[in-house]
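Observations on the three-dimensional arrangement
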Amino acid sequence: MSGQWAAISVPLRPEALDDVSLTLHRLVGASFAVETRAPSVEGAWPVTAHAYLAPGTGQAAARRELLRALEMLRIAGDGVVGAASEAFVDADGYRTRWREFHAPMAVGRRMVIVPAWLDQPPDQADRIPIFLDSAMAFGTGRHPTTQLALAALEGSLTPGDVVVDVGTGSGVLAIAAAKLGAARVYAFDRDAEAGPAATANVQRNAVADRVALTIPSTTLNVPEPAALVVANIVASVHLKLLREYASLLLPEGRLLLGGVLDARVEDVVGAARRFGFRLTSTAAADEWRLLDFTMSVALAAPPESEHVVQGSDP
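**Section: the pairing of strand β11 (residues 226-232)**
Most of β11 is tucked away, with 6 of its 7 residues classed as buried. Alignment of strand β8 (residues 162-166) against β11, held across 4 bridges, turns out to be parallel. Across the sheet, residue V166 finds its bridge partner in β11, namely A231. Pairing of β11 with strand β12 (residues 249-261) involves 6 bridges; the strand directions are parallel. Residue pairing in the sheet places L228 in a bridge with R254 of β12. Between the parallel elements β11 and β12, the chain passes through helix α7 (residues 235-248) in a crossover that is right-handed.

The following block contains the structure:
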């Protein structure tokens, strides 16, 4: 089994999908997919979640942890979560199985996420396509936080804006910003492994002339003030980067913070006020929040220290 991906599948009822998805996201990041189908036999499971673990020295421990967590969900689920099964596939098989579970997905009012190996659906020809191959690890555009951020971009971005994307991952938000009319987008991620996927996605969407990727990056070095900063990362990192966000923005600039759980909203809002931000609106999906701020007071001095740029997955 050395060199093979571990594929762990768990059948479930739709009412258990949120709990299972949160568990999978915590343990495998974006490396899971959800298969839904109309049951052909009464009582059959209508949903199956498939999680994938990369080969390597940590795979065995990660498998045990994931299987234990899924078993706990099964025991506590009162019949809505089934028993997990496990298989091993090589890299080619992994990519093939992953792609089977992804289809075009409309987001917001104007966009559609299209897997890079498919064509834009004719019935969604009026939407802005974002062709995406996430390389299975850096953001498929399907997580609720990414969908909230994409929808917020639609309502916040004015054509000609300069935009900064912090924790770009697959590049989905940077690409969306460019396709919505941004003049220039500066996108950052600390994870070097995100670079090939983001670069390929930017190129396949024909926005390389307006999207500048800096991967890996540990600082936010932007050569001009931005009208909008979008960051879809975790709340604890937002708290560390608020000074940097403020220093990047023009007066009255917009700050979109995704990846914030309900329990952290007050922490982030309170801290943001100290840096001159006022909360203008929020959006919700499950227990995640997108916080939309306006910069009301520009910082007079550049940031005193520079902080690590995090990846895109919350």
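**Remarks on a negative patch on the surface**
On the surface, D18, D19, D286 and E287 cluster together to form a negatively charged patch. Looking at where D19 falls in the secondary structure, it is placed in helix α1 (residues 17-28).

**Concerning the packing of aromatic side chains**
Two numbers describe a pair of aromatic rings. These are the distance of the centres and the angle of the planes. One pass over the structure, following the stated rule, counts 1 aromatic pair. Sitting over the face of the ring of W45, R13 holds its NZ or CZ atom 4.5 Å from the ring centroid.

**Considering the sheet that holds strand β13 (residues 277-285)**
If you trace the 7 strands from one edge of the open sheet to the other, you get β10-β9-β8-β11-β12-β14-β13, paired in mixed fashion. Two strands close off the open sheet at either side, each with one partner strand: β10 (211-214) and β13. On average, each strand axis in the sheet is inclined to that of its neighbour by 15°, with strand direction left out of account. The pairing of strand β9 (residues 184-188) with β10 spans 4 bridges and is parallel.

**Points about the sheet that holds strand β6 (residues 111-115)**
Strand order in the open sheet made by the 3 strands is β5-β6-β7, with mixed pairing throughout. What marks the edges here is a single partner per strand, and that holds for β5 (105-107) and β7 (128-132). For this sheet the average axis-to-axis angle between neighbouring strands, irrespective of direction, equals 30°. Examined bridge by bridge, β6 and β7 share 5 bridges and lie parallel to one another. Along β7, the bridge assignment pairs I113 with I130. Along the sheet face, helix α5 (residues 172-179) touches β6 and β7 and points at about 150° away from the line of β7.

Conventions and cut-offs
- Residues numbered from 1 in each chain as written.
- Predicted model: local features only at pLDDT ≥ 70, side-chain atom pairs only at ≥ 80, totals over all residues.
- Heavy atoms only, no water.
- Buried < 20%, exposed > 50% of the residue type's maximum accessible area, 1.4 Å probe, protein only.
- Helix = DSSP H or I, 4+ residues; strand = E, 2+ residues; numbered from the N terminus.
- Pairing = 2+ DSSP bridges.
- Right-handed = clockwise from strand over helix to strand, strands pointing away.
- Patch = residues over 30% accessible without salt bridge, like charges linked within 9 Å, V, L, I, M, F, W, Y side chains within 5 Å.
- Areas by Shrake-Rupley, 256 points an atom, 1.4 Å probe, with all protein chains shown as cover.
- Salt bridge = Lys/Arg side-chain N within 4 Å of Asp/Glu carboxyl O.
- Lys, Arg positive; Asp, Glu negative; His and termini not counted.
- Charge placed at Lys NZ, Arg CZ, Asp CG, Glu CD.
- Phe/Tyr/Trp six-rings, centres within 6.5 Å; stacked < 30°, edge-to-face > 60°.
- Lys NZ or Arg CZ within 6 Å of the ring centre and 35° of its normal.
- Axes fitted to C-alpha atoms, helices over the stretch in contact; angles between N-to-C directions.
- Contact = heavy atoms within 4.5 Å.

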